[in-house]
Amino acid sequence: MTALLYVSGALLACLALGWLGRRIAQTTTGNAPRYRDMPLAVAFGYAFSALLLGLGVWFYFQPTATEAGIPRASVMFFRWAVQGFVIFALAAFVFRLAGRHVGPAGSRKMFRNMPLTAAFGILMILIYAVVAIFAGQIAPHGQAEVFNAVNVLPGGNPATGGNPEFPLGTDQIGRDLLSRLIYGAQNTVGIAFITTLLAFFIGGSLGFLAATLQGWLDQLLSRGVDVLMAIPSLIFALLLMTIASAWAGSEKWLLTVYMVIIIAVIDSTRVFRLARAVGLNIVVMDYIEAAKLRGEGLRYLIFDEILPNALAPLLAEFGLRFCFVFLTIASLSFLGVGIQPPLADWGTMVRDLAQFINFAAFSPLTATLPLLAAGAIALLTVAVNFVVDWMLHKSSGLKE
Amino acid sequence: MSRLLTINDLVLEGRSDESWSRIVNGVSLTLDKGEVLGLIGESGAGKSTVGLAAMGFTRDGVRIAGGSVEFDGIDLVNASANTKRNLLGKRIAYVAQSAAASFNPAHRLIDQHTEGPVVHGVMGRGESAEDGIELYRRLRLPNPEEIGFRYPHQVSGGQLQRAMTAMAMSCRPDLIIFDEPTTALDVTTQIEVLAAIRKIVEDFDTAAIYITHDLAVVAQMADRIKVLLKGDEVEEATTREMLDHPQEDYTKSLWAVREFQHAEKPLAPKGAVPVISVRNVTAGYGKIDVLQDVSFDIHEARTVAVVGESGSGKSTTARCITGLLPPRQGQILLDGEALPPDYRKRSKMQLRQVQMIYQMADTALNPRKTIAQIIGRPVQFYLGLRGKEKRRRVNELLEHIELDPAQFAGRLPGELSGGQKQRVGIARALAAEPKFIICDEVTSALDQLVAEGILRLLARLQDELQLSYMFITHDLATVRSIADEVVVMKDGVVVEQGPKTEMFTPPHHAYTDLLLSSVPEMDPDWLDKLLAERGVDNIGDAAVDKM
């Protein structure tokens, strides 16, 4: 009850502050249009953001431990988050600055008009790509290598249960977590990428085919897709994976292939719908009619006339779909039917290390263990979406 | 008369990328109470932008960079959002070009009509609804008591435009901005809307700015005319003076546009085999017959104009000829031989002979392909040319359509102007080396000067390459300038056909007569004369309905 009172009091204070601030701005600037026509809600928003910012700064400088010496995890995590944000922002800024001055004229020009978010996205994707490709060279140990040191804590400080040889610690059977994180990029990202490509190939070509030919084929494909979409995708995938694991038997790699196909087919239904909808808008264009009247074949119509015009929405969907596929694989691995051990995989890592989250109140550093893999997943998702947003913005602004 | 609106040295800037560039350079105008000012110019002249600025409003990405707009003593450039909110809709109203796109499709007409008066506190809802019905009656809408309770999609385009004018009138504003209110309408519909707008503006003594690119229309509506060109003022004079003694070269050229005349060609010899022969074609969609027993011939190197309102079956005829819509009955003959009804059954050779140029060059060219690719594809597809030979042929075609190959071959359609795009459309049709080209309203989306250029080009190509054209249009001025023969269609039936000279001299079929008489002329008294001659109930769609 009192909390509600405090919150509503703070909101009212913001409102009053916003009104006052707008009033002051109006009088000091001599009623400039910017402040004169500012709605109260906008002024409230400014006041509210200022309040939040102040609260954040205050919280950041709270002591990290109580007087009794017990660490305050909330403050520590908040500090790490802020520091991480600043570091990433700076890195993106430096990366963009470098891009503006180094390299061929084309890429320099591209970097000049690039928002910081896109620079961050590109930087992250580059880093992930390098890590995934050169995982074997970068990782200090092999992904399946088992050491004689179980459950080493992260930090590398022997006084707090760490080991300088394993900066991020080891898991319950003694494998180096840093190496597994690096190899995870290769396995999880690589497989997700292949799966998404496959999903787009299946969904895209069938969707365009349905849009171009229409009639009974369109009905057949669309209703089929409806049926597939009616089943919750994760449960459906689990069901099929159970069957597949029976087929695969002891061949672990075969199970991964099955997984790629299963996820690709399930996700291709979403791509199909998009491709069909976009395609339907394009096939009514006069230039398609002109091509049909010229006597062009289906292949030319789909790949030369329709596809280039559907690329922008498909690309946006690719970014999003890649993230979903990636998360699906991670979820399946988390549930134990995805990428099979001993291959390192982020989803499996999150599952295996999940119980460490309980240590957050006593040892915040230990609690970061499951967060590392989860963070790697989150970071890539965010990065890909930033880049896709920027590409979309660019391609839609291309019309001048 | 008292001064209502004064615009002084107005400068508007538009944003492109990061910088601002001028789109209007210092236009000044004044408007008295009850006066109508016509603003004319090509697209891109800045007339709509000036019209909106007269309301103190700018579109996104446009800003007022200098000058003043003063409405009845109120400075609109520096007015606060609140002041403007109280003025717009109540004292200044706006009628947009496309009423269909401007009405909210989810609400009934009368509910949208009463919104302004209720918000501004001019009238209550019931009172305003009654007033709306009265306005509908004055604007001669059919069933005025009932039409307001329909949704926008249940009302025809011309009626919607009149309902929009009624809506603008709902608060009895002092000033209405009409932004090309009749451009998208058929001639017979246009004349009704014009008569309605003029009557209501006179009845309520409302001042208006009438924006259009059609000189004949503005001649009927405006007391004074101002000509704009690329954001600059060219000249201003009273309507009569402007029509009789234009001063500037640009204005004179606008006036002269309609004088282009393709030399008349002799009739085809008796017994000659027509290039395209439409024989008793009946066709339609679903169960409805859109075309009924349509027949006409098109001979070599001759142009046949197919004229009629929207919905008369002109474009459906074209679809039958191209094979997109197989006719239910009847045949299409090419050089005396029957073409398969479905385009998919036609041979490459047959497809090649029948080419098409579209109305909207924007949608007719693939926006992701360069001009060279667009023109090169039929060259490669039909003639099998590749590499250097293909490039040479493409350049040749570009020169044919008067575009510099070095400059245009590598561009995308988005980087071309409307007229240039239409030229590329022509080149694509020519690339197949056809005998026969269907031109579907090829000039109706273009400015008059540009349209004239296209017509001249088509005429020249016909003389050089002995092409036959089927020219679908609703613009009789175009027919006058380019056609050899005319086919008049109404409701899917050919009502009259014959050589052009015959068609333009009486006696006509009643419908042809109506069409011809509905085309505005460059005479300020034309509408008055017509109304006096025929009466308000015998013009436009009302007259069509009586047939």
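Everything numeric in this text was worked out from a predicted model, so none of it was measured. (Residues numbered from 1 in each chain as written. Chains lettered and ligands numbered in written order. Predicted model: local features only at pLDDT ≥ 70, side-chain atom pairs only at ≥ 80, totals over all residues. Heavy atoms only, no water.)

1. So, the overall build of chain B
A tally of regular secondary structure across chain B gives 24 helices and 20 strands. Expected size for 547 residues packed as a compact globule is a radius of gyration near 24 Å; at 25 Å, chain B falls within 12% of this value. Considering only C-alpha atoms, chain B reaches an extent of 70 × 55 × 45 Å along its principal axes. Taking all contacts inside chain B whose residues are at least 6 apart in sequence as the whole, residues at least 24 apart take part in 70%. As displayed, chain B offers around 23100 Å² of accessible surface, 48% of which is attributable to carbon and sulfur atoms. Once the 62 positive and 76 negative side-chain charges of chain B are each reduced to a mean point, those two points are 7 Å apart. (Helix = DSSP H or I, 4+ residues; strand = E, 2+ residues; numbered from the N terminus. Rg over C-alpha atoms; globule rule 2.2 N^0.38 Å. Contact = heavy atoms within 4.5 Å. Areas by Shrake-Rupley, 256 points an atom, 1.4 Å probe, with all protein chains shown as cover. Lys, Arg positive; Asp, Glu negative; His and termini not counted. Charge placed at Lys NZ, Arg CZ, Asp CG, Glu CD.)

2. Overview of the UniProt feature "domain: ABC transmembrane type-1" (unreviewed entry) in chain A
Per the UniProt annotation, the sites labelled "domain: ABC transmembrane type-1" (unreviewed entry) are residues 185-392 of chain A. Note that residues 185-392 of chain A is 85% helix and 0% strand, and that its end C-alpha atoms are spaced 26 Å apart. (UniProt positions renumbered as here; feature names shortened; annotations may be inferred.)

3. Here we look at unusual backbone geometry
Residues and elements named next belong to chain B. Positive phi, close to 55°, is recorded for Asp205, a residue that is not glycine. Along the chain, Asp205 falls in the loop between α8 (187-203) and β8 (207-212). A relative accessible area of 52% means that Asp205 is categorised as exposed. The residue Asn280 is not glycine, and still its phi comes out positive at about 45°. Relative to the elements of secondary structure, Asn280 occurs in strand β11 (residues 276-285). (Buried < 20%, exposed > 50% of the residue type's maximum accessible area, 1.4 Å probe, protein only.)

4. Focus on the domain arrangement of chain B
All names here are of chain B. Each assigned domain of chain B is listed here: domain 1 (36-52 + 87-256) and domain 2 (276-505). Inter-centroid distance (C-alpha atoms) of domain 1 to domain 2 is 34 Å. Taken together, the contacts link 12 residues of domain 1 with six residues of domain 2. Interface of domain 1 and domain 2: buried area, both sides summed, is about 850 Å²; carbon and sulfur atoms make up 42% of it. (Domains from an automatic or database assignment. Buried area = accessible area lost by both parts, 1.4 Å probe.)

5. Some thoughts on the confidence of the model for chain A
Chain-level pLDDT for chain A is 86 on average; 98% of the residues reach the 70-or-more range. Per-element confidence in chain A ranges from a low mean pLDDT of 81 for helix α14 (residues 346-353) of chain A to a high of 93 for helix α9 (residues 215-230) of chain A. (pLDDT = per-residue confidence, 0-100.)

6. Focus: the sheet that holds strand β17 (residues 436-440) of chain B
All names here are of chain B. Taken in spatial order, the six strands of this open sheet run β16-β17-β18-β13-β19-β20, and their pairing is mixed. Single-partner strands in this sheet number two, and they are β16 (354-357) and β20 (493-499). Pairwise comparison of adjacent strand axes, ignoring direction, gives a mean angle of 20° for this sheet. Two elements, strand β19 (residues 485-490) and β20, share six bridges in a ladder whose sense is antiparallel. Across the sheet, residue Val487 finds its bridge partner in β20, namely Gln497. Relative to strand β18 (residues 468-473), helix α12 (residues 314-322) is tilted by about 150°, and along the sheet it contacts β13 (303-307), β16, β17, β18 and β19. Where helix α22 (residues 510-518) meets the sheet, its contacts fall on β13, β19 and β20, and the angle it forms with β19 comes to roughly 105°. (Pairing = 2+ DSSP bridges. Axes fitted to C-alpha atoms, helices over the stretch in contact; angles between N-to-C directions.)

7. Overview of the interface of chain A and chain B
The interface is formed by 20 residues belonging to chain A together with 26 residues belonging to chain B. With both chains or domains summed, chain A and chain B bury close to 2100 Å², and 52% of this area falls on carbon and sulfur atoms. Of all residues in chain A, Asp286, Leu293 and Arg294 of chain A give up the largest surface area on contact with chain B, accounting jointly for 31% of the area buried on that side. Here chain A is connected to chain B by two salt bridges. Between Glu296 of chain A and Arg377 of chain B there is a salt bridge, with its nearest N and O atoms 2.6 Å apart. Our count for the chain A to chain B interface comes out at 12 residue pairs in polar contact (both at pLDDT 80 or more). When residues of the side of chain A that touches chain B are traced back to their parent elements, those giving at least two are α12 (286-294) and α13 (298-335) of chain A. When residues of the side of chain A that touches chain B are assigned to their parent elements, the largest contribution, seven residues, is made by α12 of chain A. In the side of chain A that touches chain B, the residues fall into six nonpolar, three polar and 11 charged. (Salt bridge = Lys/Arg side-chain N within 4 Å of Asp/Glu carboxyl O. Polar contact = N/O pair within 3.5 Å; in protein donor to acceptor, adjacent residues only side chain to side chain. Nonpolar A, V, L, I, M, F, W, Y, C, P; charged D, E, K, R; others polar.)

8. A short note on the packing of aromatic side chains
Per the stated rule, a full pass over the model turns up 18 aromatic pairs over all chains. Ring centres 5.6 Å apart and planes at 70° place the aromatic pair Phe88 of chain A and Phe120 of chain A in the edge-to-face group. Note that Phe88 of chain A is positioned in helix α4 (residues 73-101) and Phe120 of chain A in helix α6 (residues 116-133), a separation of 32 residues in sequence. When its relative accessible area of 30% is taken as the criterion, Phe88 of chain A is described as partly exposed. A relative accessible area of 9% means that Phe120 of chain A is categorised as buried. On the basis of an interplanar angle of 70° and a centroid distance of 6.0 Å, the ring pair of Phe120 of chain A and Phe386 of chain A is categorised as edge-to-face. With Phe120 of chain A in helix α6 and Phe386 of chain A in helix α15 (residues 364-396), this pair connects stretches of sequence that are 266 residues apart. Feature note: the residues Tyr128, Phe193, Phe200, Phe318, Phe322, Phe326 and Trp346 of chain A constitute an aromatic cluster, connected by ring pairs. Between the NZ or CZ atom of Arg79 of chain A and the centre of the ring of Tyr60 of chain A, over which it lies, the distance is 5.4 Å. One residue, Arg411 of chain B, lies across the ring of Phe408 of chain B, its end atom 4.7 Å from the ring centre. (Phe/Tyr/Trp six-rings, centres within 6.5 Å; stacked < 30°, edge-to-face > 60°. Lys NZ or Arg CZ within 6 Å of the ring centre and 35° of its normal.)

9. What about the side chain of Thr512 of chain B?
All names here are of chain B. Structurally, the position occupied by Thr512 is in helix α22. A relative accessible area of 4% means that Thr512 is categorised as buried. Residues contacting Thr512, with those up to four places away along its chain left out, are Val488, Val495, Glu496 and Met503.

10. A few points about the sheet that holds strand β10 (residues 232-238) of chain B
Residue and element names in this part refer to chain B. Within the open sheet, the six strands sit side by side as β6-β7-β8-β3-β9-β10. Their pairing is mixed. Both outer strands of the open sheet, β6 (92-95) and β10, are each paired with one neighbouring strand and no more. Between one strand axis and the next, the sheet turns by 15° as a mean value, whatever way the strands run. Two elements, strand β9 (residues 224-229) and β10, share six bridges in a ladder whose sense is antiparallel. When the sheet's bridge partners are listed, Arg224 is paired in β10 with Thr238.

11. Let's talk about the UniProt feature "domain: ABC transporter" (unreviewed entry) in chain B
UniProt tags residues 5-255 and 276-516 of chain B as "domain: ABC transporter" (unreviewed entry). When the span residues 276-516 of chain B is considered, its composition is 41% helix and 26% strand, and the gap between its end C-alpha atoms is 27 Å.

12. Observations regarding the packing of α8 of chain B against α22 of chain B
Residue and element names in this part refer to chain B. Axis separation between α8 and α22 bottoms out at 8 Å; the angle between their running directions is 50°. In this view, α8 runs oblique relative to α22, as classed from their interaxial angle. Classified by chirality, the crossing of α22 by α8 is left-handed. Residues Val187, Thr188 and Ile191 of α8 form the contact with α22, whose own contacting residues are Leu514, Leu515 and Ser518. Its residues assigned to classes, the contact of α8 with α22 shows four nonpolar, two polar and no charged. (Parallel < 35°, antiparallel > 145°, perpendicular 65-115°, else oblique. Left-handed = near helix turned anticlockwise from the far one by under 90°.)

13. Some details on the confidence of the model for chain B
Summary statistics for chain B give a mean pLDDT of 85 and a share of 97% for residues scoring 70 or more. Of all helices and strands in chain B, the one with the weakest mean pLDDT is helix α24 (residues 540-546) of chain B (68), whereas β16 of chain B scores best (92).

14. Topic: the side chain of His299 of chain B
Structurally, the position occupied by His299 of chain B is in the loop between β12 (288-298) and β13. Leaving out residues up to four positions away in the same chain, His299 of chain B has contacts with Ala268, Ala272, Val273, Pro274, Val275 and Ser468 of chain B.

15. Some remarks on the environment of Ser315 of chain B
Residues and elements named next belong to chain B. Tracing the chain through its elements places Ser315 in helix α12. Given a relative accessible area of 35%, Ser315 falls into the partly exposed group. Distance from Ser315 to Thr473, taken between C-alpha atoms, is 9.5 Å for residues 158 residues apart in sequence. Those residues in contact with Ser315, other than ones at most four positions away along the chain, are Asp440 and Ile472.

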